[in-house]
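# Coordinate analysis (summary)
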Amino acid sequence: MQQKSVYLAAPFFSDGQHTRINQVVTALQQNPTIGEIFLPEKHPYSQEEFGSLGWQDATFRLDVNHIYQADIVVAIADYKLEESDNEMDSGTAFEVGLAYGTHTPVAIIQFDPKKEINLMIAQSLTTYFDLSQDQGLQKLAEYDFNVMLPQRANRPVI
C-alpha cells in the first residue's frame, strides 16, 4: 500500500491547539495510507535569530517547500476554538491556498463544525473531517488517502 506524505497546517500557539494537533497526528500515524508527517513547529529554522528577517525568510521558504513536496495538506481549521471567534489561522489559510494552487489535495479538519468556514476554504478542500462527532478521529485513522474522493463541506460558509 502506498503511503502519502502529509504537511500538517495548523496554529500551534496555545495548549488547546497543541492538544488538537496531537490528536490529529496520532490518528494520522495510525492510518496505513499515511507515511511522513511534516509539522512546521517540530522543524523550526534555527540558524538565524527567532523573529529576525533572515529567520522569517528561511522559515517561509522551508514551509513552502514542504507544501510543494507533500502529497496531501491536512489543515486544522480551528484557530481559537476556546473563544467565540473561530476563524482559520491566517498562516493555515495561506497554506491551504498554496496547496490548492499547486493541485495538492487538501483535507480540512474541524473540531467545531458549528463554526462557519470561509467560502474560499470550503471550495478548496478535497475532503472534510468533522472531529466533533463520535468516531471522528477513528474515521481519520481509517480514511484511504490513496483514493481521496472530492467532497464539499455541506455547511454554512461566510
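Structure first, text after, so check above.
Residues numbered from 1 in each chain as written. Predicted model: local features only at pLDDT ≥ 70, side-chain atom pairs only at ≥ 80, totals over all residues. Heavy atoms only, no water.

### Some details on helix α2 (residues 53-69)
The end-to-end C-alpha separation of α2 is 24 Å, in line with the 24 Å expected for 17 residues at 1.5 Å each. Every buried residue belonging to α2 is among W55, A58, T59, D63, V64 and I67, and all of these are buried. Where α2 is buried, its residues meet β1 (4-9), β2 (34-38), β3 (72-76) and α3 (90-101). (Helix = DSSP H or I, 4+ residues; strand = E, 2+ residues; numbered from the N terminus. Expected span 1.5 Å × (residues − 1). Buried < 20%, exposed > 50% of the residue type's maximum accessible area, 1.4 Å probe, protein only. Contact = heavy atoms within 4.5 Å.)

### Regarding the packing of aromatic side chains
By the definition in use, this model includes 7 aromatic pairs. Taken together, a centroid distance of 4.6 Å and an interplanar angle of 55° make the contact between F50 and W55 tilted. Judged by relative accessible area, which is 17%, W55 ranks as buried. Members of the aromatic cluster, each reached through a chain of ring pairs, are F129, Y143 and F145. (Phe/Tyr/Trp six-rings, centres within 6.5 Å; stacked < 30°, edge-to-face > 60°.)

### Considering the nonpolar core
Across soluble globular proteins, nonpolar side chains show a tendency to be buried alongside one another. Among the nonpolar cores identified, the biggest contains 24 residues, and L8, V24, L28, V74, I109 and F145 are the most heavily contacted of them. Mapped by element, the contributors of at least two residues to this core are β1, α1 (15-30), β2, β3, β4 (106-110) and α5 (136-142). Examining the composition of this core, we find that 5 residues originate from one element, α1, more than from any other. Counting 20 residues, the second largest nonpolar core, distinct from the first, contains M88, L98, I121 and L125. (Core = buried A, V, L, I, M, F, W, Y, C linked by side-chain atoms within 4.5 Å.)

### Section: the pairing of strand β5 (residues 127-130)
Of the two faces of β5, both are covered, the one formed by T127 and F129 as well as the one formed by Y128 and D130. As paired elements, β4 and β5 share 4 bridges and run parallel to each other. Bridge pairing in β5 places I108 opposite Y128. Taking the sense of rotation as the criterion, the β-α-β connection linking β4, helix α4 (residues 119-124) and β5 turns out right-handed. (Pairing = 2+ DSSP bridges. Right-handed = clockwise from strand over helix to strand, strands pointing away.)

### So, α3
With 12 residues, α3 ought to run about 16 Å at 1.5 Å a step, and its terminal C-alpha atoms sit 16 Å apart, in line with that. Within α3, burial applies to T92, E95, V96, L98 and A99. Across the axial projection of α3, the buried residues extend over an arc of 165°, all falling on one side. In α3, those exposed residues whose orientation departs by more than 90 degrees from the buried face are S90 and G101. H103 sits one or two residues past α3 and shows a positive phi near 60°. (Arc of directions from axis to C-beta.)

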